[in-house]
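Summary of structural features
Chain residues, written in single-letter form:
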Amino acid sequence: MDQQHTIPPLKKEALLDLYRRMRLARRFEETVNDLYLQGRIPSTLHLAIGQEATAAGALQCLRPGDTVFSTHRPHAHALAHGVSPHAMMAELMAKSTGTCKGKGGSMHIGDFARGFVPAIAIVGGNVPIAAGAALAATLQGSDAVTLCFFGDGAANEGAWHEGVNIAAIWRLPVVFVCENNLYAASTPFQEAFSIAHVADRAVAYGIPGVVVDGNDVLAVHAATSAAVARARSGEGPTLLECLTYRLCGHSRSDPRTYRTQQEEKEWQERDPLPNFVAWLTAGGHFTPEALQAVDQQIEAILADAIAFAEASPSPEPMSLYEDVYA
Amino acid sequence: MDQQHTIPPLKKEALLDLYRRMRLARRFEETVNDLYLQGRIPSTLHLAIGQEATAAGALQCLRPGDTVFSTHRPHAHALAHGVSPHAMMAELMAKSTGTCKGKGGSMHIGDFARGFVPAIAIVGGNVPIAAGAALAATLQGSDAVTLCFFGDGAANEGAWHEGVNIAAIWRLPVVFVCENNLYAASTPFQEAFSIAHVADRAVAYGIPGVVVDGNDVLAVHAATSAAVARARSGEGPTLLECLTYRLCGHSRSDPRTYRTQQEEKEWQERDPLPNFVAWLTAGGHFTPEALQAVDQQIEAILADAIAFAEASPSPEPMSLYEDVYA
Amino acid sequence: MAEMTIAEALRQALREEMRRDPRVFLLGEDIGVPGGFGGAFTVTLGLAEEFGRQRVRDTPISEAAIAGVAIGAALCGMRPVADVQYSDFLFNMMDQLVNQAAKLRYMSAGALAVPMVMRAPVGATARGAQHAQSPEAFFTHVPGLKVVAPATAYDAKGLLKAAIRDDNPVLFFEHKLLYGSKGARSEKGAVSPKGEVPDEEYIVPIGEATVRRAGKDVTIVASLLMLYRALEAAEVLAQEGIEAEVIDPRTLVPFDKERVLHSVKKTGRLVIVEEDNLTNGWGAEVAAWMADEAFVWLDAPIKRVAAPDVPPPFAPILEQHYVPSTARVVDTVRSLFGAY
Amino acid sequence: MAEMTIAEALRQALREEMRRDPRVFLLGEDIGVPGGFGGAFTVTLGLAEEFGRQRVRDTPISEAAIAGVAIGAALCGMRPVADVQYSDFLFNMMDQLVNQAAKLRYMSAGALAVPMVMRAPVGATARGAQHAQSPEAFFTHVPGLKVVAPATAYDAKGLLKAAIRDDNPVLFFEHKLLYGSKGARSEKGAVSPKGEVPDEEYIVPIGEATVRRAGKDVTIVASLLMLYRALEAAEVLAQEGIEAEVIDPRTLVPFDKERVLHSVKKTGRLVIVEEDNLTNGWGAEVAAWMADEAFVWLDAPIKRVAAPDVPPPFAPILEQHYVPSTARVVDTVRSLFGAY
Ligand SMILES: Cc1ncc(C[n+]2csc(CCOP(=O)(O)OP(=O)(O)O)c2C)c(N)n1
Ligand SMILES: Cc1ncc(C[n+]2csc(CCOP(=O)(O)OP(=O)(O)O)c2C)c(N)n1
Ligand SMILES: [Mg+2]
Ligand SMILES: [Mg+2]
């Protein structure tokens, strides 16, 4: 594991911003889960409840012009990156005002104008593409960085291996962020790996491998900052593994019977949101009221997003034929 | 790198057998290269001249019932494993008496009855299949071992990664033998890897990684023996890297202008065959005459193989339609 | 006789074959984890409990390895039945299927055999472009593979048993909306046909089509979900006096051309219905054969009903336009009876 | 005007586009190594020297990464031209091509564009089953991809330039026996047509077929190597009084149906020739279209000449029976003029 660079402590506004991103993701997902159970959202949902610290901590390190790749579980990433909750809600409800005009759905949420590539749901498939985005920046003489999320399970895909290796040998400006939530669907990490950490694989590519507590938003932020700085200065990729846990099911109504209640309980206690709230208030950085004000804004945003989405029209049937070719 | 188990020193007959396997491979390939240049063999040839020590050293460690997977460069492997030079010669000449009745050609030589799977020429594609063969042995309660050759270049294929990982997590009885000849076609190793050794990747799968001098047949034998013993006793796979060099071109008339004459000269001095001959005779194990007797046998075999192949009929055109389905 | 869903029938086939033949084993993602799903559509539920996790093997997310391991095990005497969660992920194992499984026997002039089954769910279910394809046609173009696509519980069981016993690699396509998966894994818009399945052992031979409805005016060829659309269309058409003969090919490779030819000689009209994109679907091949071999018997152009040449969309309203509807089948058949 | 081989014409197209547009770059295995091959068939020889190894990038043996990197770079404003050594290895990047390159634009409702070219050599040249396929038909079934297959130096140059400028992912198929690669890389049995290529800049638009020989009795559609077999066949047939119209589609997606339809309306007979396996080749689609849209003009069954449904064999004597010959084309056409 690489030594982490020291980074300047975060400003107050940045701390509040981290909280906002996490809280928005959490409440958005709780809300859409309800809507889903009520039948107001079709298809399936992969929620990231419990993993918000990784999304927020990592993405706050980026700047405009950088590029983000996400997965089949993209809501928290997208919200933490500033993709519109309105357009996301509309996409989930299959409306023409959605981020993908209803063509993508939950697994392909994105906003490319903001640098958030509409998500790729083939596990591991985004990794070589992220390397390509990073290569584009290099060839264009820009110092933009690409950040690519994936799950623990993705690290066993061939495309993952090929993508990480090519990024390593070409020293591309990309940060590979593994959200190791201990399961790939129902499959426990230790059944699919004979090593302790995904980050141990960095050795295979000659790049730094870093493991952090993915439920500690400040730790994620610090580690990602270092990796982003490294990438931006031309030193190449980092494999950053964030240890986290999804407190929800894998997708829609997953009964989660492949894991113990004891384990869930332990992780419930490590829920990043209340822990961060405790830290923010105990440290005297913020009053509970200051955080509640954020919460209220978020509730208003969500109510508005639902109203927007429900009032939006469905796609025109003829739009089926659009966007196949340029 | 794992400590190598100590193995009993080889008996005299075994030493002579190693020499015989290497010499046969060398002379077979020199011969078919001549035949190719004379237009008596069609298509293309990937020769392994210079790499015979790895083939012979590794394969002498196996026993009947074990399974071998090879590559687009299979002649030396096949000959060192005892596949008939007659049937190989006939296959190269596209005759119905060939190992694949003329349907396979140079890149698919094999003899499954002897445990040598007709070679697979998709780089890296043999690795997960080898894992499957090893799984079969496990499920059948046999202690058979699978040995899978591949080149340095293959270790950057996605299938390689997936295959090695699944073998590792399931502790399958397979030995992965990398012939690192410093080039993948024209591409130098250091352009495709940002690590010193392919075997360094063993860490990514929690298995032993071993590097040996692939031009030292005894070193290869010792390392493979240890890995085979490990596999046979249920301890799982090993990633064994043999450092070697092809003293010939990548395929047919490759002018080899992507590497320096200086480099070729250095490796010429490390040619495994004369070096092993020197060791065998200097150590007083064998007289030059004893080795020459082997050489003469081999020349006779090759002359006979050519005669056999040339006298053999071409496949019947209608055989085109056979062997598609069982 | 028992009435059951396709998921149940498939499970029964696996169970019976695993009991019968110790060489049969299963592998795939999330198929046997205790407390897990039994595969994405519950087919393998309970099998790990009966046969153990050595024979119901959960794999990492490594499709090339799933296929490769199945191939290697098959070469060496086993009978693997592999599972890909969604057929869209077959593309992640395409080299193993097309360059290896299909060709090893030929390359080795018969020395190698690859008796494996790859089960793959197809069909659009509002999950967007990467979880909705029906890629049968990619495999009908590959000599060395067999391709099976059952639409009823009876066929699902009988064909899966035949596939497991077959000495060749078989791609076995199942439709998400036909499984009848229950509870958490049930699907909106599912057809979930239940069907009678005999108690005694039986096999449905690979390569035999069946006539699902007899008729004299037009031949409709349709598999999987589209079979049900075709049968609905036939009902509507019957009310207009058009008697459609509906043929379920059941196997796409080898394809029972004779059965279709026989029907077309009688009806003189042919409509092929498939769920995937029109261009170069397997229906193109059926049309091409008949444009050659049935030419003199054809009274009308050969028509195909298929998804348009666009990727599968997410929005249900778009998906309804994407997947061929009963109405489109009806309209297409009707068009053959006017002036054209 | 200069006379040149297809390999030279392709090289010129790459050079001109790289000079014109700094966004264009190349990637692939062994394409730019100093002292190396310039790709498996010499097409990129000398380009690394002119443009540097940043723009002529040698990759590891990682086909999924080659495609993925091309896609990612294309998304972010570049114009990658990727190279796969043999088209058989396209199956190793199939997910990237089918699930990603072809679908990203649609999934994102037009927000993403993937202007990339994947160059891939096809054709059987006595190398056995894993180095001989002509897999165009796998890609004609994928909406979102364009598929190009030039048979002359003029078209190779003009279409490659068009492909590089196209805003969509383009699969660009080249035939090993048509390259005219020289020296160590020359191929036995090569046709290596040389052709006139204008000095001034030109583009051949994607999607336009061309009539290579006019005729009134039968329409023959053939691309790549098969075009030359068809033209030879037409010569033979002409001596028997059968005037064949030979159409080179040049682009398989989008396919210039109008041009074929126009011809078939005149000739009433259609033969399609392709090098790959018969079942579900792209010729099936052409036949299916015509069996629908040209039905009333057809005077004879639609015939296809293709490889039989077996993997490509190694032995040259078998390969000669595998790859459609001029004689097979002649015989097939003839059969349309007897009683059938
Ligand atoms: C190539 C591929 N294989 C399988 C799947 C089905 N699938 C979707 S999510 C998932 C589990 C992914 O696990 P992980 O990468 O750890 O991400 P997580 O779901 O835990 O966030 C699987 C198997 C897929 N989408 N793509
Ligand atoms: C998947 C795949 N990609 C590319 C090739 C073309 N090819 C054949 S041999 C070769 C080089 C292989 O290098 P390495 O694995 O080091 O083996 P070596 O040739 O050195 O023995 C390449 C690129 C192939 N056969 N398969
Ligand atoms: Mg996970
Ligand atoms: Mg090598």
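Quick note: structure is the one above.
Residues numbered from 1 in each chain as written. Chains lettered and ligands numbered in written order. Predicted model: local features only at pLDDT ≥ 70, side-chain atom pairs only at ≥ 80, totals over all residues. Heavy atoms only, no water.

1. Some remarks on the sheet that holds strand β12 (residues 251–253) of chain D
Residue and element names in this part refer to chain D. Read from one edge to the other, the open sheet built from seven strands follows the order β3-β2-β4-β5-β7-β6-β12, with strand pairing classed as mixed. The strands lining the two open edges of the sheet, one partner per strand, are β3 (56–58) and β12. Ignoring which end each strand starts from, the neighbouring axes of this sheet average 20° apart. Relative to strand β5 (residues 117–122), strand β4 (residues 79–83) runs parallel, the two being bridged by three bridges. Directly across from alanine 82, in β5, lies its bridge partner methionine 118. The strands touched by helix α1 (residues 6–20) within the sheet are β2 (24–28), β3, β4, β5 and β7 (170–175), with β2 carrying the most contacts at an inclination of about 135°. (Pairing = 2+ DSSP bridges. Helix = DSSP H or I, 4+ residues; strand = E, 2+ residues; numbered from the N terminus. Axes fitted to C-alpha atoms, helices over the stretch in contact; angles between N-to-C directions. Contact = heavy atoms within 4.5 Å.)

2. A few points about the interface of chain C and chain A
The interface is formed by 36 residues belonging to chain C together with 40 residues belonging to chain A. Both sides together, the interface formed by chain C and chain A hides about 3100 Å², and carbon and sulfur atoms give 61% of it. Close ionic contact of A:Glu191 with C:Arg53 constitutes a salt bridge, the shortest N to O distance being 2.8 Å. At the junction of chain C and chain A, the tally comes to 12 residue pairs in polar contact (both at pLDDT 80 or more). Considering each element in turn, the side of chain C that touches chain A owes the most residues, five residues, to helix α11 (residues 316–322) of chain C. Looking at the side of chain C that touches chain A residue by residue, the class counts come to 19 nonpolar, nine polar and eight charged. (Buried area = accessible area lost by both parts, 1.4 Å probe. Salt bridge = Lys/Arg side-chain N within 4 Å of Asp/Glu carboxyl O. Polar contact = N/O pair within 3.5 Å; in protein donor to acceptor, adjacent residues only side chain to side chain. Nonpolar A, V, L, I, M, F, W, Y, C, P; charged D, E, K, R; others polar.)

3. Describing the coordination of the magnesium ion (ligand 4)
Residue and element names in this part refer to chain B. In this structure, Asp152 (OD), Asn181 (OD1) and Tyr183 (O) serve as the protein donors to the magnesium ion (ligand 4), at separations of 2.0 to 2.1 Å. Going along the chain, you hit the donors of the magnesium ion (ligand 4) in the pattern D-x28-N-x1-Y. Here the residue aspartate 152 occupies a position in the loop between β2 (146–151) and α6 (158–169), and asparagine 181 occupies one in the loop between β3 (174–180) and β4 (183–184), the gap between them amounting to 29 residues. In this structure, aspartate 152 and asparagine 181 share a single accessibility class: buried. (Donors = N, O, S within 2.8 Å, 3.2 Å for Na, K, Ca; no water. Buried < 20%, exposed > 50% of the residue type's maximum accessible area, 1.4 Å probe, protein only.)

4. Some remarks on the interface of chain C and chain D
If you look at the interface, chain C gives 50 residues, while chain D gives 50 residues. Interface area lost by chain C to chain D is led by C:His141, C:Asn280 and C:Phe295, which between them contribute 17%. Counting every contact that joins chain C to chain D gives four salt bridges. A salt bridge links D:Glu285 to C:Arg304; the nearest nitrogen and oxygen atoms lie 2.8 Å apart. Summed over the shared surface of chain C and chain D, the result is 31 residue pairs in polar contact (both at pLDDT 80 or more). Within the residue set of the side of chain C that touches chain D, elements represented by two or more residues are α4 (94–101), α5 (104–107), α6 (136–140), β13 (270–277), α10 (282–293) and β14 (303–307) of chain C. The leading source of residues in the side of chain C that touches chain D is α10(C), at eight residues.

5. Let's talk about the site of ligand 1
Around ligand 1, the structure places 22 residues, and the nearest of them are A:His72, A:Arg73, A:Asp152, A:Asn181 and C:Glu63. Mapping the residues adjacent to ligand 1 onto the chains of the assembly identifies chains A and C. Separating an oxygen atom of ligand 1 from a backbone N or O atom of A:Tyr183 is a distance of 2.9 Å. For ligand 1, whose unbound accessible area comes to 580 Å², protein coverage reaches 96%. (Near = heavy atom within 4 Å. Areas by Shrake-Rupley, 256 points an atom, 1.4 Å probe, with all protein chains shown as cover.)

6. Some points on the relation of the copies chain C and chain D
Rotating chain C by 180° and moving it 0.0 Å along the rotation axis overlays it on chain D with an RMSD of 0.0 Å. Taken together, the rotation and translation describe the operation of a two-fold axis. The share of interface residues of chain C whose copies in chain D are also at the interface is 100%, consistent with both copies meeting through the same surface. (Least-squares fit on C-alpha atoms with pLDDT ≥ 70 in both.)

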